[in-house]
Amino acid sequence: MVAKIKSGKSLIGALNYNENKVKQGKAMLIGAKGYPKDPKDLSFNDKLFRLTDLAAMNQRAKTNTVHISLNFPNGEYLADEKLSEIVKDYLAGVGFATQPCLVYRHEDAGHPHIHIVTTNIKRDGERISLHYLGQNESEKTRKAIEIKYNLTKAEEQQKQKPNLKVDATAAEYGKAETKRAITNILGYVLRAYKFTSVPELNAILGQYNIQADRGSKDSRMYAREGLVYWILDKQHNKIGVPIKASTIYGKPTLKTLEETFRLNAQLRKPFKDEFIKILDSILIKPHTRLDFQKALREKGVQCILRQNEEGRIYGVTFIDQKNKAVFNGSDLGKAYSANQLNAQLLPDPVKAKFQYQNEVQGGHEFIQTATGDEPIDVLFAAEREDLAALNKYKKKKRKGLNL
């Protein structure tokens, strides 16, 4: 069992997320602990006001919303009654035994999972601390529950094809509201893929025309560990306005992502050895760089090569689409690092290179150069400021000062 905890200050946002899933036929309310009515008799306001009334007891708390998901591997189907017992034990273990909560079973992914919506504000206004809750109490409780209910341990989950239902399509600027499009895509990617860094996340988001951006290294946003998300056009250039991570449901900020990175580092381990075998079976024969990518694609693996102006490979990232696991070459071992692949793979004819890029551009599988002239120079290149917009803003500011 894998437990994920998200906190925020929008109870109505967390409730709406689950209720919308219910309306779509992708979820159902299976429990309402601490409520005066049966779950089937609760109106939307009944569900919301029970939690907001408690949250109002502490107006100074910056966080009053807790949204937990408990995830189980494929094949481990649990009846609603057993899930209710697990939820009760889990909440007791993390210090939420007396808190009211709503429990939803979700059917929008290939693995069984439930969502719990509650608040960390007690009846007397005291705030339940969330500091290191996931790392300490949640981990201890999760392991105890796995033993008690004979569940598959998170560290020992069998290698299996996730069979996730893709509920996100590539963003298209202007087709849907920007924030909504980004939220939908992030919701799927964060749930489905196992990545351990912002560049690895961007390798996945690039498939959906989205990019996570920390800003240039000398920017104020980077220094303050800020993060925004952009929609990309067909040439993979940023378009429209960026959306702050803190304003997106679930708050996929850098701080939140770092917790996900640590969890994913463990979740992707079972797939590493199998993936290395795939690479070895391909690398046993000589390949050009493009042939290498093509051979991997036939195995369900997307390979992104990053090279400089001289054509030297300085980075490589693999996306195992079967198991939804992302690896940098260096994470797999020296034999799969950028330096080794640079020495082992043959260069591609220029004509073939451009032909191949045109053929697979829709899948965002490229040999990426660092010149900045290629339309694909966005996935992992250093983030650059929009100088034109910045200068325009500075001119307006100076003009205002002169008035």
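**Structural notes on the sheet that holds strand β6 (residues 210-213)**
Next up, step 1: Strand order in the open sheet formed by three strands is β6-β7-β8, and the pairing between neighbours is antiparallel. Each edge of the open sheet is held by one strand with a lone partner, namely β6 and β8 (238-244). Put simply, the sheet's adjacent strands are angled 25 degrees from each other on average, direction ignored.
Next up, step 2: Sheet analysis places strand β7 (residues 228-232) next to β8, joined by four bridges and oriented antiparallel. Within β8, the position partnered with Ile231 by the bridge is Ile239.

**Looking at the nonpolar core**
Next up, step 1: If you look at the biggest cluster of nonpolar residues, it comprises 31 residues, and the most contacted ones within it are Val189, Tyr193, Phe195, Leu205 and Tyr229.
Next up, step 2: Elements represented by at least two residues in this core include exactly α5 (178-192), α6 (198-205), β6, β7 and α8 (254-267).
Next up, step 3: In terms of residues, this core owes the most to one element, α5, which gives eight residues.
Next up, step 4: The residues touching Val189, leaving out its near neighbours within four places in the chain, are Phe195, Leu201, Ile204, Leu205 and Tyr208.
Next up, step 5: Formed by 24 residues, the second largest nonpolar core is a distinct cluster that contains Ala3, Ile68, Phe96 and Leu133.

**Here we look at the packing of aromatic side chains**
Next up, step 1: Counted under the stated rule, the structure contains seven aromatic pairs.
Next up, step 2: Relative to Tyr193, the ring of Tyr188 has its centre 6.2 Å away and its plane inclined at 85 degrees; by these criteria the two rings are edge-to-face.
Next up, step 3: A relative accessible area of 2% means that Tyr188 is categorised as buried.
Next up, step 4: Relative to Tyr208, the ring of Tyr188 lies with its centre 6.2 Å away and its plane at 80 degrees, an arrangement referred to as edge-to-face. Here Tyr188, found in helix α5, pairs with Tyr208, found in the loop between α6 and β6; they are 20 residues apart in sequence, far enough to count as distant.
Next up, step 5: Sitting over the face of the ring of Tyr222, Arg214 holds its NZ or CZ atom 4.0 Å from the ring centroid.

**Topic: the packing of helix α9 (residues 272-283) against helix α10 (residues 289-298)**
Helix packing geometry: the angle between the two helix axes and the distance between the axes.
Next up, step 1: Packing of α9 against α10 brings their axes to within 10 Å, and their N-to-C directions diverge by 135 degrees. Regarding the angle of α9 to α10, the classification is oblique. Every pair of crossing elements has a handedness; the one defined by α9 and α10 is right-handed. Across from Ile278, Leu279, Ile282 and Leu283 in α9, the residues of α10 making contact are Phe292, Ala295 and Leu296.
Next up, step 2: Among the residues forming the contact of α9 with α10, the class breakdown is seven nonpolar, no polar and no charged.

**A word on the sheet that holds strand β4 (residues 101-106)**
Next up, step 1: Taken together, five strands build an open sheet; the order of strands is β1-β3-β5-β4-β2 and the sheet is antiparallel. A single partner strand is all that each edge strand has here, and the edge strands are β1 (2-8) and β2 (27-33). Between one strand axis and the next, the sheet turns by 20 degrees as a mean value, whatever way the strands run.
Next up, step 2: Across seven bridges, the pairing between β1 and strand β3 (residues 65-71) is antiparallel. Note that in β3 the partner of Lys6 across the bridge is His67.

What counts, and at which threshold
Residues numbered from 1 in each chain as written. Predicted model: local features only at pLDDT ≥ 70, side-chain atom pairs only at ≥ 80, totals over all residues. Heavy atoms only, no water. Pairing = 2+ DSSP bridges. Helix = DSSP H or I, 4+ residues; strand = E, 2+ residues; numbered from the N terminus. Axes fitted to C-alpha atoms, helices over the stretch in contact; angles between N-to-C directions. Core = buried A, V, L, I, M, F, W, Y, C linked by side-chain atoms within 4.5 Å. Buried < 20%, exposed > 50% of the residue type's maximum accessible area, 1.4 Å probe, protein only. Contact = heavy atoms within 4.5 Å. Phe/Tyr/Trp six-rings, centres within 6.5 Å; stacked < 30°, edge-to-face > 60°. Lys NZ or Arg CZ within 6 Å of the ring centre and 35° of its normal. Parallel < 35°, antiparallel > 145°, perpendicular 65-115°, else oblique. Left-handed = near helix turned anticlockwise from the far one by under 90°. Nonpolar A, V, L, I, M, F, W, Y, C, P; charged D, E, K, R; others polar.

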